[in-house]
Amino acid sequence: MALKTILTRIGTYLLVPLLFLLLWGLAASHLNNEVILPGVGQVTALLLRPTENLISMGSLAVNVAVSLARVLAGYLLAVALAVPLGVIMGYYGTVFRFLNGFLALFRPIPPLAWVPLVLAWFGVASLATLFDVQRGTAYLYLNNLKFSMIFIIFIGAFYPVLTSAIHGVNGVRRTLLDSARVLGASEGDIFRKILLPASFPAIVNGMRIGLGVAWMCLVSAEMLPGSLSGVGYLITHAYTLARTDIVIVGMVSIGVVGALLDLFFRVIEERKFAWTRLTR
Amino acid sequence: MTNDYILHLEGVGKTFQTKNGKSIKAVQQVDLDVRENDFVCIVGPSGCGKSTLLRMVSGLEPITFGQVVYHGQEITRPRKEIGMVFQEYSLLPWRTVIDNVALGPEFAGISKKERETRAMNYLRLVGMEAFARAHPHELSGGMRQRVAIVRALANDPDLLLMDEPFGALDAHTRILLQKELLRIWEQHRKTVLFVTHGVDEAIYLADRIVVMSARPGRIIETILVEMDRPRERSHPRYGHLAEQILAILEKEAAQNFSKNGNILEEPF
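Computed from a predicted model, the values in this text were never measured in an experiment.

(A) Summary view of the overall build of chain B. On a plain count of helices and strands, chain B comes out with eight helices and 10 strands. Since a compact globule built from 268 residues should have a radius of gyration of about 18 Å, the 19 Å found for chain B is in line with a globular shape. Across its three principal axes, chain B shows a C-alpha extent of roughly 60 × 45 × 40 Å. At a minimum sequence separation of 6, the contacts of chain B that also span at least 24 residues come to 68%. Accessible surface computed for chain B: about 12200 Å², of which carbon and sulfur atoms make up 49%. Positive and negative side-chain charges in chain B, numbering 34 and 35 respectively, have mean positions lying 4 Å apart.

This is the structure:
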């Protein structure tokens, strides 16, 4: 590729973000009030030192790691439940009719609406309570994974994954199933060798959306009592101290981590499922 | 069983229930016997239920009336002795060609090494060994159907059901594949039940042609082809047979027209 085309391409990607930063910088210097809008440099400086202790809450990196652990706990639970359930609901019409009405009732409830109920159920109990760990490093890690947070994140991720698994299985062409049956496939073979691989692209797409939603539920989950760490808590705590720069730093890191997670799935889709694009 | 028929259809019929509670008769009162090594073609207008009939023989479609008996056993579910090739694209798109062909042996629990050897032998049979590691989307329509045919054969069925397998191919490829199918059939001596709406295709391939009526499909005529293979399309008997079959179909269509006021019924 010619240097010029490469430069043009990079330029296309960067133009809008750079314009945005420019406007932000102009607005910040015009307002000259760092509680309303801190400068670009101030936020960047914080982002460039991710291991520095912020408002005595630990570093940005540690808080992001804590949040990530929470999201993954709730998310993996949702995937582990929604994928098999979705595949079964997609394949067996009876199971679908049996469960769908019930599940559809809960689908429109925003994860945040569960907060009071979840607090009543779980309080500040965490995985440390479950495994009966009361001190040491293990306690510090496990106590950060509150049931209530995991539940909120779980609810957020569950439906996108479930819906896409059902949808994926529904979209499997009948001829594929028929030809497998004629070749002597058992019911187990049908699930493992036809339904799952055929609906895998749809499932991964749902997992991608689910992870996005799970990540978005994070802030609400981390606003729950008992939370003393995490990006979401960092943001709310920084807000009470009028540290808008840290609020923005938290938001930026949520955005960056979310985008990276999304990229991870996009790479998988690109690598593993080239056949979906190339098959008519 | 007292005779050498391997497949015996007796009073086979199919009625579908539509969503609004109406029932539609797709196939009615079909009696058919197929002898070992027979090549039988079923021709009929589109939507006449010939594919439904084939699916009932395969065990994929529940039978409403009558029964299908294979080697003295009633067919109620698919079985590996009865293979099937579909018109639509039926290869698993995420698997390579060789893994597609090895699918039947894989379901049967045969070791990876052995099933790959077997699959490779069958791919060689249709000159596709160079494409063993390709994915289906890299193949042309004709190549895909070749793979679909050897996939059915790799499961070593006695009876091969073919549901308009060349229907989606261009004319030239279709003729090539017909030739190839006959070569395989003569080498492996399977029994073939082949559904088509192409009269020419049926005459080229079959020992016996079964002509079906419009829906509800029943057998209106059975014709023995009795020509040596390979058959010349220019042979007088070829043309004569084609004329005969087309006349039957035309008469059927005319009757159907006067009955329903519509030749083209919506396909099933």
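(B) Fine view of the pairing of strand β4 (residues 65–70) of chain B. All names here are of chain B. Here strand β1 (residues 5–17) pairs with β4 via five bridges, running antiparallel. The residue of β4 that forms the bridge with Leu9 is Val68. In this structure, the hairpin formed by β4 and strand β5 (residues 73–74) is closed by a connection of two residues, where His71 is found at a positive phi of approximately 50°.

(C) Seen up close, the packing of helix α3 (residues 60–91) of chain A against helix α12 (residues 244–272) of chain A. Residue and element names in this part refer to chain A. Viewed as axis vectors pointing N to C, α3 and α12 meet at an angle of 45°, and their least axial separation amounts to 11 Å. Relative to α12, α3 is oriented oblique. Pair α3 / α12 crosses with right-handed handedness. Here Leu60, Val64, Leu68 and Tyr75 of α3 come into contact with α12, specifically with Val249, Ser253, Val257, Leu261 and Phe265.

(D) How the structure looks around the nonpolar core. Counting 75 residues, the largest nonpolar core has Tyr75(A), Ile152(A), Phe158(A), Leu162(A) and Leu195(A) as its most contacted members. Here Ile152(A) is in contact with Pro111(A), Trp114(A), Val115(A), Val118(A), Cys217(A), Ser220(A), Ala221(A) and Leu224(A), once residues within four sequence places are set aside. Ranked by size, the runner-up nonpolar core spans 55 residues in total, among them Ile98(B), Val147(B), Phe166(B) and Ala206(B).

(E) The arrangement of the packing of aromatic side chains in detail. The tally for this structure, following the rule as stated, stands at 17 aromatic pairs over all chains. Measuring from ring centre to ring centre gives 5.2 Å for Tyr91(A) and Phe191(A), while their planes differ by 80°; the resulting arrangement is edge-to-face. Here Tyr91(A) is found in helix α3, whereas its partner Phe191(A) is found in helix α10 (residues 187–222), with 100 residues between them in sequence. The exposure class assigned to Tyr91(A) is buried, which follows from its relative accessible area of 17%. Residue Phe191(A) is classed as buried on the basis of its relative accessible area of 18%. For the pair Phe106(A) and Trp114(A), a centre-to-centre distance of 6.0 Å together with 20° between the ring planes defines the contact as stacked. When the ring centre of Phe16(B) is taken as reference, the NZ or CZ atom of Lys14(B) above it lies at 5.2 Å. Cation over ring: Arg189(B) sits above Trp185(B), and NZ or CZ is 4.5 Å from the ring centre.

(F) Spatial organisation of the domain arrangement of chain B. All names here are of chain B. For chain B, the assigned domains are domain 1 (1–81 + 160–261) and domain 2 (86–156). Distance from the C-alpha centre of domain 1 to the C-alpha centre of domain 2: 25 Å. Contact between domain 1 and domain 2 buries roughly 1500 Å² in total, counting both sides, with carbon and sulfur atoms accounting for 62%. Among the residues of domain 1 in contact with domain 2, Lys80, Ile184 and Lys190 are the three that bury the most area, contributing 27% of the side total. Joining domain 1 to domain 2, the criterion identifies two salt bridges. The partner of Lys190 in a salt bridge is Asp156, with the nearest N and O atoms 2.9 Å apart. Listing elements by their share of the side of domain 1 that touches domain 2, those giving two or more residues are β7 (159–163) and α6 (171–188). Residue composition of the side of domain 1 that touches domain 2, grouped by class: nine nonpolar, four polar and seven charged.

(G) Molecular detail of the confidence of the model for chain B. Residue and element names in this part refer to chain B. With 95% of its residues at a pLDDT of 70 or more, chain B has an overall mean of 90. Confidence, expressed as mean pLDDT per element, reaches its minimum in chain B at helix α8 (residues 236–260) with 86 and its maximum at helix α2 (residues 97–101) with 96. In this model residues 263–268 is a low-confidence stretch, pLDDT under 50, and it forms 12 contacts with partners more than four residues away in sequence or in other chains.

(H) Broad picture of the environment of Pro108(A). Positionally, Pro108(A) belongs in the loop between α4 (93–106) and α5 (115–122). Each C-alpha atom of the pair Pro108(A) and Tyr159(A) lies 9.7 Å from the other, and the pair is 51 residues apart in sequence.

(I) Local environment of the interface of chain B and chain A. In this complex, chain B contributes 26 residues to the contact, which on the side of chain A involves 21 residues. In total, chain B and chain A occlude about 2100 Å² of area from one another, counting both sides; carbon and sulfur atoms represent 67% of this. Per-residue buried area on chain B facing chain A is highest for Tyr89(B), Trp94(B) and Phe107(B); these three make up 34% of the total on that side. The tally of links between chain B and chain A comes to two salt bridges. For Asp178(A), the salt bridge identified is with Arg55(B), shortest N-O distance 2.6 Å. On inspection of chain B and its partner chain A, the count reaches six residue pairs in polar contact (both at pLDDT 80 or more). Of all the secondary-structure elements, those providing two or more residues to the side of chain B that touches chain A are β6 (82–85), α3 (103–107) and α5 (141–154) of chain B. With four residues, the top contributor of residues to the side of chain B that touches chain A is α3(B).

(J) Representation of the sheet that holds strand β3 (residues 39–43) of chain B within the structure. All names here are of chain B. With mixed pairing, six strands are arranged side by side in an open sheet as β6-β7-β8-β3-β9-β10. Pairing within the sheet leaves two strands with one partner each, and these edge strands are β6 and β10 (219–224). Strand-to-strand, the axes of this sheet are offset by a mean angle of 15°, without reference to chain direction. Pairing geometry for β7 and strand β8 (residues 191–196), over five bridges, is parallel. Its bridge partner being in β8, Leu159 is matched across the sheet by Thr191. Each of β3, β7 and β8 touches α6; the most contacted strand, β3, lies at about 145° to it.

Scoring rules and cut-offs
Residues numbered from 1 in each chain as written. Chains lettered and ligands numbered in written order. Predicted model: local features only at pLDDT ≥ 70, side-chain atom pairs only at ≥ 80, totals over all residues. Heavy atoms only, no water. Helix = DSSP H or I, 4+ residues; strand = E, 2+ residues; numbered from the N terminus. Rg over C-alpha atoms; globule rule 2.2 N^0.38 Å. Contact = heavy atoms within 4.5 Å. Areas by Shrake-Rupley, 256 points an atom, 1.4 Å probe, with all protein chains shown as cover. Lys, Arg positive; Asp, Glu negative; His and termini not counted. Charge placed at Lys NZ, Arg CZ, Asp CG, Glu CD. Pairing = 2+ DSSP bridges. Axes fitted to C-alpha atoms, helices over the stretch in contact; angles between N-to-C directions. Parallel < 35°, antiparallel > 145°, perpendicular 65-115°, else oblique. Left-handed = near helix turned anticlockwise from the far one by under 90°. Core = buried A, V, L, I, M, F, W, Y, C linked by side-chain atoms within 4.5 Å. Buried < 20%, exposed > 50% of the residue type's maximum accessible area, 1.4 Å probe, protein only. Phe/Tyr/Trp six-rings, centres within 6.5 Å; stacked < 30°, edge-to-face > 60°. Lys NZ or Arg CZ within 6 Å of the ring centre and 35° of its normal. Domains from an automatic or database assignment. Buried area = accessible area lost by both parts, 1.4 Å probe. Salt bridge = Lys/Arg side-chain N within 4 Å of Asp/Glu carboxyl O. Nonpolar A, V, L, I, M, F, W, Y, C, P; charged D, E, K, R; others polar. pLDDT = per-residue confidence, 0-100. Polar contact = N/O pair within 3.5 Å; in protein donor to acceptor, adjacent residues only side chain to side chain.

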